[in-house]
Amino acid sequence: MQTAGLFITFEGIDGAGKSTHIAGLAEAFRAQGRAVALTREPGGTPLAEKLRELVLNDPMDPLCEALLMFAARRDHLQQVIEPALARGDVVLCDRFTDATFAYQGAGRGFDLDVLGQLERWVQAMPEQGGRLRQPDLTVWFDLPPAVAAERLAGARLPDRFESQPLAFFERVATGYADRMRQEPARFARVPSDQAKDAVWRDVRQAFEQRGWLRAGVGA
Ligand code: TYD
């Protein structure tokens, strides 16, 4: 079993059902003796959680939105993600930069080249000789936007993203597909329009295949 730090991110449109599987993975890793850092974006530090409040609720233009997402990310990387990886923890992060490309890029139509520049600034880590921090694996919960909308309907008071029309989420889903096409080895795509147990089986399999979880042990 690998004991170096692992950086795992989870992506998908709103309503794709990430949360229970992230919790299940935390339990499975802990059952195998690994320390787990559970975190999320935007957020994960006191400063980044304040920025989350603003970006999910206050009206702003797409550049401002992208800058706040990356500002929150920079603080999160420095305060939480890098120290956890240096300790050898498994970092399970609910959303990361693929969400910015999908939501601000594909969804809002913001310039992908500018997002790429911000990605390079924010994720360059001096302790890695300036190398870009990227996830070791990104689990993409791929759900048709119409199904996600049905699941979300009436669930709770929607934020600025959840209240977007179906066409927005169609674009976001395309944005995720484009990111996966650019870096297929980093992604595990999990078809999420199936029963929860089947989704969980696929998620677990992605980790077992990489030798990161032992089959049949833990949750
Ligand atoms: P989410 O992580 O799904 O949290 P919750 O389950 O509490 O709603 O919501 C965060 C929202 O922020 C989601 O709609 C996607 C959006 N988002 C972006 O638009 N860009 C980003 O870079 C990130 C990280 C999230």
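Small disclaimer: the values here were computed from a predicted structure and weren't measured. Numbering of residues starts from 1 in every chain and runs along the sequence as written. In keeping with the model being predicted, local features are shown solely for residues with a pLDDT of at least 70 and side-chain atom pairs are shown and tallied solely at 80 or more, while totals for entire chains, interfaces and linings include all residues. The side-chain numbers reported here are obtained from all heavy atoms of the structure, hydrogens and water having been left aside.

Asks: Can you walk me through the overall build of the chain in this structure?
Replies: Helix and strand labels come from DSSP, where a helix needs a run of H or I of at least four residues and a strand needs a run of E of at least two; each type is numbered from the N terminus. When its secondary structure is counted, the chain shows 8 helices and 5 strands. Ordered by position in the sequence, the α and β elements of the chain form the string β-α-β-α-α-β-α-α-β-α-α-β-α. Each principal axis of the C-alpha atoms in the chain carries an extent, and together these give about 45 × 45 × 30 Å. When a residue's accessible area, from a 1.4 Å probe over protein chains only, is under 20% of the maximum for its type it is buried; when over 50% it is exposed; and in between it is partly exposed. The proportion of buried residues among the 219 residues of the chain is 51%.

Asks: I'm lost on the layout of surface pockets in this one. Help?
Replies: Within this scheme a cavity is a closed region of a 1 Å grid, computed over the protein atoms alone, that accommodates a 1.4 Å probe without allowing it to escape, whereas a pocket is open but has protein on both sides within 12 Å along at least five of seven lines; lining residues each have an atom within 4 Å of a point. Grid points are joined across faces, edges and corners, and a volume is the space filled by probe spheres set on the points. Estimated volume of the largest pocket: approximately 730 Å³. Ranked by residue count, the leading element in the lining of the largest pocket is helix H4 (residues 97–107), at 4 residues. Looking at the lining of the largest pocket residue by residue, the class counts come to 13 nonpolar, 5 polar and 12 charged. Looking at the second largest pocket, its volume works out to about 200 Å³. Around the second largest pocket sit 16 residues that line it, and Ala-149, Leu-152, Ala-153, Pro-158 and Glu-162 are the ones nearest its centre. Every element with two or more residues in the lining of the second largest pocket is listed here: helix H6 (145–152) and helix H7 (166–182). The element that contributes the greatest number of residues to the lining of the second largest pocket is H6, accounting for 4 residues. A class-by-class count of the residues in the lining of the second largest pocket yields 11 nonpolar, 2 polar and 3 charged. Polar here means any residue other than Ala, Val, Leu, Ile, Met, Phe, Trp, Tyr, Cys and Pro, which are nonpolar, and Asp, Glu, Lys and Arg, which are charged; Gly is therefore polar.

Asks: Please explain unusual backbone geometry as it appears in this structure.
Replies: Most peptide bonds take the trans configuration, and most residues that are not glycine carry a negative phi. That bond from Glu-41 to Pro-42 is cis: its omega, -10°, falls within 30 degrees of zero. Mapped onto the elements, Pro-42 comes out in the loop between strand E2 (36–40) and helix H2 (46–57).

Asks: Help me understand the site of the ligand, please; the structure alone is not making it clear to me.
Replies: Asp-14, Arg-95, Thr-100, Gln-104 and Glu-162 are the nearest of the 16 residues found near the ligand. In this structure, an oxygen atom belonging to the ligand sits 3.2 Å away from a side-chain N or O atom of Arg-73. Two N or O atoms count as a polar contact when they lie within 3.5 Å, although within protein this holds only if one can serve as hydrogen donor and the other as acceptor, and sequence-adjacent residues are included solely when both atoms are side-chain atoms. Here an oxygen atom of the ligand and a side-chain polar atom of Arg-95 are 3.0 Å apart. Methods summary: accessible areas were calculated by the Shrake-Rupley approach with a probe of 1.4 Å, and residue burial reflects only the protein chains presented. For the ligand, the protein covers 90% of the area, taking 550 Å² as the surface of the free molecule. Breaking the shell around the ligand down by element, the ones donating at least two residues are H2, helix H3 (62–87) and H4. Per element, the largest residue contribution to the shell around the ligand is 4 residues, and it comes from H4. Considered class by class, the residues forming the shell around the ligand number 6 nonpolar, 2 polar and 8 charged. We call a residue near a molecule or strand as soon as one heavy atom of that residue lies within 4 Å of the molecule or strand.

Asks: Would you mind showing me how to read the sheet that holds E2 here?
Replies: In any sheet, the strands associate via hydrogen bonds between backbone groups, in a parallel or an antiparallel arrangement. In this analysis, strands are considered paired if DSSP registers two or more bridges between them. Here 5 strands make up an open sheet; going across it, the order is E2-E3-E1-E4-E5 and the pairing parallel. Looking along the sheet, the strands with just one partner apiece sit at the ends: E2 and strand E5 (187–191). With direction set aside, neighbouring strand axes in the sheet form an average angle of 20°. Pairing between E2 and strand E3 (residues 90–94): 5 bridges, direction parallel. Following the sheet pairing, Ala-37 is matched in E3 by Val-91. Against the sheet, helix H8 (residues 196–209) contacts strand E1 (6–11), strand E4 (137–142) and E5, and its axis sits at roughly 165° relative to E5. With axes taken as lines fitted to C-alpha atoms, and helix axes fitted only over the stretch in contact, angles between N-to-C directions fall between 0 and 180 degrees. The contact criterion used is simple: two residues touch if any of their non-hydrogen atoms lie within 4.5 Å.

Asks: Honestly, H8 in this entry has me stumped. Any pointers?
Replies: In an α-helix, one turn spans 3.6 residues, which is why side chains three or four residues apart end up on the same side. In a regular helix each residue adds 1.5 Å, so 14 residues correspond to 20 Å; H8 covers 20 Å between its end C-alpha atoms and thus fits that length. The set of residues buried in H8 consists of Ala-198, Val-199, Trp-200, Val-203, Arg-204, Ala-206 and Phe-207. Taken together, the buried residues of H8 touch E1, helix H1 (19–31), E4 and E5. Backbone geometry just downstream of H8 places Gly-211 in the positive-phi region, at approximately 75°. A helix is expected to span 1.5 Å multiplied by its residue count minus one.

Asks: How should the pattern of salt bridges be read in this particular structure?
Replies: Close approach of charged atoms allows side chains with opposite charge to pair. A side-chain nitrogen of Lys or Arg and a carboxyl oxygen of Asp or Glu constitute a salt bridge if their distance falls within 4 Å. By the definition in use, this model includes 16 salt bridges. As a salt-bridge pair, Glu-82 and Arg-133 come within 2.6 Å of each other at their nearest N and O atoms. Of this pair, Glu-82 sits in helix H3 while Arg-133 sits in the loop between helix H5 (112–123) and E4, and the two are 51 residues apart along the sequence. Assessed through its relative accessible area of 8%, Glu-82 is described here as buried. Ionic pairing is found between Arg-181 and Asp-178, a salt bridge with its closest N-O pair at 2.8 Å. On the criterion of helical spacing, the pair formed by Arg-181 and Asp-178 is a turn pair, its members being 3 residues apart in helix H7. The class for Asp-178 is partly exposed, based on a relative accessible area of 30%.

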